[in-house]
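Summary of the model geometry
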Amino acid sequence: MKRKVLLIYTGGTIGMEKDYETGSLRAFNFENIFQKIPEMKLIECEVFVHPFKIPLDSSDMGPEEWKIIANYIAKNYEKYDGFLILHGTDTMSYTASALSFMLKGLRKPVILTGSQLPIGDLRTDAKENLLTSLYYASLYENDEAVIQEVALYFEYKLLRGNRSLKYSAEFFDAYQSPNYPILGQSGVHLNVEKENLFRSKKDEKFSADLHISQDVLFWRIFPGMQISHFSEIPKMKVLILQVFGSGTIFNTKKTKQTLEKLRNNGTEIVVVSQCVSGGISIGKYNNSNIFKEINAISGKDMTAESAITKAMHLIDNPTYKGSFAENFEKNLRGEISED
Ligand code: ASP
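I will try to describe carefully the structure that is included in this document. Model, not experiment: these values are computed from the prediction.

1. Things to note about helix α5 (residues 253-264)
- With twelve residues, α5 extends 16 Å from end C-alpha to end C-alpha; this agrees with the ideal 16 Å at 1.5 Å per step.
- Buried residues of α5: Thr255, Thr258, Leu259 and Leu262, and no others. Buried residues along α5 cover an arc of 90 degrees about the axis, so they all sit on one side. In α5, the exposed positions angled more than 90 degrees off the buried face are occupied by Lys253 and Asn264.
- Tucked into the core, α5 has its buried residues touching β18 (238-243), β19 (268-273) and α6 (289-293).

Next up, the structure:
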């Protein structure tokens, strides 16, 4: 039996070709993908293409598009065995993270991929990324999907979506998963690291929870920053502070006063690290104790992309019991390491 994969094309370099007369990139009609990559027909799965009407540069992808994708997957969940989303590389980790929170109780693969060079380019990485992603999106064993989570495939590696980050605008090997091992690797054989895969709770039924709030701010601190400017910014539900190393910030009275003021105004403060690898450990240094004193939330080893989209999903979300802080610190989809 051939597995059915729904391919959602959203835009990005992968769906572009070079206009050799002008030298610039332009989107091609994605319905013609089978002509561009005839090898797609050789894959042991049936592919159904659903392109966005207007292909988007991924810097134009955001909450509205995440909802459209999540909703479309939910509507077609029973009809297909797997889902492949073709996406621009710039914000692919944000979309992957957001979808991981929005798609609850997932039992089928949702794979995202893109490319650094357009499909028609002689040295393109698009073909391999697309073909291998299709394999992962249609991989079943004993009538059960092998991947049952939102994953990102790029340059021979399958990563957990909400652990991934784009670190290079130059290399084909553009993504990393610094705090979680890879889920699979494609070499001569297509391999899956089964012990690293996420599984939803047995009793959790599949559903798409489209709740996303945009009441989030993200600030990276830096030496010499005028932290008191925070008290002039409009009221927001969640402020994510990207602090130094394992969770330190300047030890000044002004810092404490400003952050306390924000907390008293009802702003939740989440702390994540500027280091891509490792995470927050409040209390390790004296200069992190301030976060204990103001009851800040530790983002531990989450990526910034994951912390932002998790906050967006949890703010005032009526489907979660308990406080924002309790839910934020919980491991929902394998995005955060447990102590
Ligand atoms: N700017 C493009 C995008 O993210 C880059 C790419 O696709 O690689 O849509």
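And the narrative resumes.
2. As for the side chain of Asp301
- Structurally, Asp301 is set in the loop between β20 (297-298) and α7 (304-314).
- For Asp301, a relative accessible area of 12% translates into the label buried.
- Within polar-contact distance, the side chain of Asp301 engages the side chain of Arg163 at 3.3 Å.
- Beyond its immediate stretch of four places on either side in the chain, Asp301 contacts Arg163, Asn179, Gly278, Gly279, Ile336 and Ser337.

3. Section: helix α2 (residues 63-75)
- The end-to-end C-alpha separation of α2 is 18 Å, in line with the 18 Å expected for 13 residues at 1.5 Å each.
- Looking at α2, one finds that the buried residues are Pro63, Glu65, Trp66, Ile69, Ala70 and Ile73. Buried residues in α2, looked at end-on, bunch into an arc of 165 degrees, giving them a common side.

4. Considerations on the nonpolar core
- The biggest cluster of nonpolar side chains holds 48 residues, and the ones touching the most others in it are Ile73, Ile240, Phe324 and Phe328.
- Looking at which element gives the most residues to this core, the answer is helix α3 (residues 92-102), with six residues.
- Residues in contact with Ile240, not counting those within four places in the same chain, are Val216, Leu217, Phe218, Trp219, Val270, Val272, Ala307, Ile308 and Ala311.
- Counting residues in hydrophobic clusters, the runner-up holds 31 residues, among them Ile14, Phe30, Ile119 and Tyr180.

5. Considering the site of the ligand
- Residues in contact with the ligand, as listed here, are Gly12, Thr13, Asp57, Ser58, Gly88, Thr89, Asp90 and Ser115.
- Thr13 has a polar backbone atom sitting 2.9 Å from an oxygen atom of the ligand.
- Take Ser115: an N or O atom from its main chain is 3.3 Å from an oxygen atom of the ligand.
- Taken by itself the ligand offers 270 Å² of open surface, and the protein chains cover 86% of this.
- Split by residue class, the shell around the ligand holds no nonpolar, six polar and two charged.

6. Some words on the side chain of Asp121
- Following the sequence through the fold, Asp121 ends up in the loop between β7 (110-113) and α4 (126-137).
- For Asp121, a relative accessible area of 18% gives the class buried.

7. Things to note about the pattern of salt bridges
- Scanning the model with the defined rule gives 17 salt bridges in all.
- Across the salt bridge formed by Lys256 and Glu293, the nearest N and O atoms sit 3.2 Å from each other. Of this pair, Lys256 sits in helix α5 while Glu293 sits in helix α6; the two residues are 37 residues apart in sequence, bridging distant segments of the chain.
- Here Lys256 falls in the partly exposed class, since its relative accessible area comes to 27%.
- Through salt bridges with shared partners, a single ionic network connects Arg3, Asp81 and Asp143.

Reading the values: rules and limits
Residues numbered from 1 in each chain as written. Predicted model: local features only at pLDDT ≥ 70, side-chain atom pairs only at ≥ 80, totals over all residues. Heavy atoms only, no water. Helix = DSSP H or I, 4+ residues; strand = E, 2+ residues; numbered from the N terminus. Expected span 1.5 Å × (residues − 1). Buried < 20%, exposed > 50% of the residue type's maximum accessible area, 1.4 Å probe, protein only. Arc of directions from axis to C-beta. Contact = heavy atoms within 4.5 Å. Polar contact = N/O pair within 3.5 Å; in protein donor to acceptor, adjacent residues only side chain to side chain. Core = buried A, V, L, I, M, F, W, Y, C linked by side-chain atoms within 4.5 Å. Near = heavy atom within 4 Å. Areas by Shrake-Rupley, 256 points an atom, 1.4 Å probe, with all protein chains shown as cover. Nonpolar A, V, L, I, M, F, W, Y, C, P; charged D, E, K, R; others polar. Salt bridge = Lys/Arg side-chain N within 4 Å of Asp/Glu carboxyl O.

What is shown is where atoms sit, not what they do.
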